[in-house]
Amino acid sequence: MQDWNTFCLPNLFAMEIAVIDSAGHKRATYRFPDDAFPFIPTRSITSYPLCWTDSTLYAYQGVNPRLGEECVRKSPVGLKCDLRTGAVEPLAFHYPSSLCRSPKAPALGIESKVSRCFDGRRFVYSFAFDERLYVLPPSHDEVQAVSAPSRYLPVPEVPEPVEADLFSGTRQMCELPFYGAVYYDPYREVYYRIAYPKEEYAEEENFKDLWQSGRSRFSVLVLDKELRVIGETMLPKDTYRSDLVLVGERGLYFSENHYKNPSFDEDVLKFRLFRLENL
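On a predicted model such as this, the values are computed, not experimentally measured, just so you know.

Basis of the calculations
- Residues numbered from 1 in each chain as written.
- Predicted model: local features only at pLDDT ≥ 70, side-chain atom pairs only at ≥ 80, totals over all residues.
- Heavy atoms only, no water.
- Helix = DSSP H or I, 4+ residues; strand = E, 2+ residues; numbered from the N terminus.
- Buried < 20%, exposed > 50% of the residue type's maximum accessible area, 1.4 Å probe, protein only.
- Contact = heavy atoms within 4.5 Å.
- Core = buried A, V, L, I, M, F, W, Y, C linked by side-chain atoms within 4.5 Å.
- Pairing = 2+ DSSP bridges.
- Axes fitted to C-alpha atoms, helices over the stretch in contact; angles between N-to-C directions.
- Salt bridge = Lys/Arg side-chain N within 4 Å of Asp/Glu carboxyl O.

**Observations concerning the side chain of S150**
Its location among the elements puts S150 in the loop between β11 (144-147) and α2 (166-175). Since its relative accessible area comes to 5%, S150 is described here as buried. Those residues within four positions of S150 in sequence are excluded, and the remaining contacts are Y179, A195, S219, L221 and E232.

Shown next as structure tokens:
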């Protein structure tokens, strides 16, 4: 959403993004042709939303299997589309080489998990198994890596070996320590970064529901304008959703719709406001 009359809808099954107005009328469609680069369908989620800068639209690209054996190293983290001409090109910034694994090796699907925010001048990227944040200008032709570790996490490592069956793999995703989304707060000019500590669960845990609720526990790192960590808070377990987050004028909101929360009601979407203090 750019404004109340401009909504962008990525097509999950085709290389295109449609622009509609508040009445649902299609105003434009931007397609990603195959003649210059083998794009894959994009998406827009809270941890990696579509983003505008002037007349350019920035969108997500995952690890692209169309790029062959070295698809992780060769995959751009996103694409940019010139809204005046419709020209589309891949971003110059690729997934870090530390995440590289053979595309034929077993994987959990979170090894290349990435989040991105934009502060009006810079893009900031966070990868699941990297304690660093990556800062880039809109051109994505310069990269600055900034250390932003959580005190609750060891140095993260890409999981290996990976459990082969679905139950064990989901359990591994719920227990591994790694980093989550990064958000920018324009009202306080700070950044928030989610971090998941290492966990251990009993065999009878419902790992599917736990994963879909954003795991059990997570901490929130607060970083200043220079991306220096100025605080970190571990939130209570089984209470908040780490994947349903809003940044508003009053503060940071986390959904209370965790399936283990005693007050959980699937018919009501509730959020709790968190305010920064002593900044």
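On we go.
**Here's the deal with the nonpolar core**
Counting 56 residues, the largest nonpolar core has Y125, F127 and F254 as its most contacted members. Apart from the residues lying within four places of it in its own chain, the contact partners of F127 are V77, F93, Y95, P96, L99, K113, V114, Y134, Y179 and R193. Ranked by size, the runner-up nonpolar core spans 15 residues in total, among them V146, L153, Y184 and L227.

**A few points about the environment of K74**
With respect to the helices and strands, the residue K74 is situated in helix α1 (residues 71-74). Judged by relative accessible area, K74 falls into the partly exposed class, the value being 38%. Taking the C-alpha atoms as reference points, K74 and A128, 54 residues apart in sequence, are found 18 Å from one another. Not counting chain neighbours up to four residues away, the residues in contact with K74 comprise L67 and H94.

**Some details on the sheet that holds strand β4 (residues 51-53)**
With antiparallel pairing, four strands are arranged side by side in an open sheet as β4-β5-β6-β7. Every interior strand has two partners, whereas the edge strands, β4 and β7 (88-90), have only one. Within the sheet, the average angular offset between the axes of one strand and its neighbour, ignoring direction, is 25 degrees. Across five bridges, strand β5 (residues 56-60) lies against strand β6 (residues 78-82) in antiparallel orientation. In the sheet register, T56 faces β6, and the bridge partner there is D82.

**Considering the pattern of salt bridges**
If you walk through the whole model with that rule in mind, you get 16 salt bridges. The closest approach of N and O atoms between E199 and R217, which form a salt bridge, is 2.9 Å. Taken together, the residues span a long stretch of sequence, with E199 in the loop between β13 (190-196) and α3 (207-212) and R217 in the loop between α3 and β14 (219-223) at a distance of 18 residues. Judged by its relative accessible area of 10%, E199 is buried. Residue K260 pairs with E205 through a salt bridge whose shortest N-O separation is 2.9 Å. Residue K260 is located in the loop between β17 (252-255) and β18 (271-274), and its partner E205 is located in the loop between β13 and α3; the two are separated by 55 residues in the primary sequence. Taking relative accessible area as the criterion, E205 reaches 17% and is therefore assigned buried.

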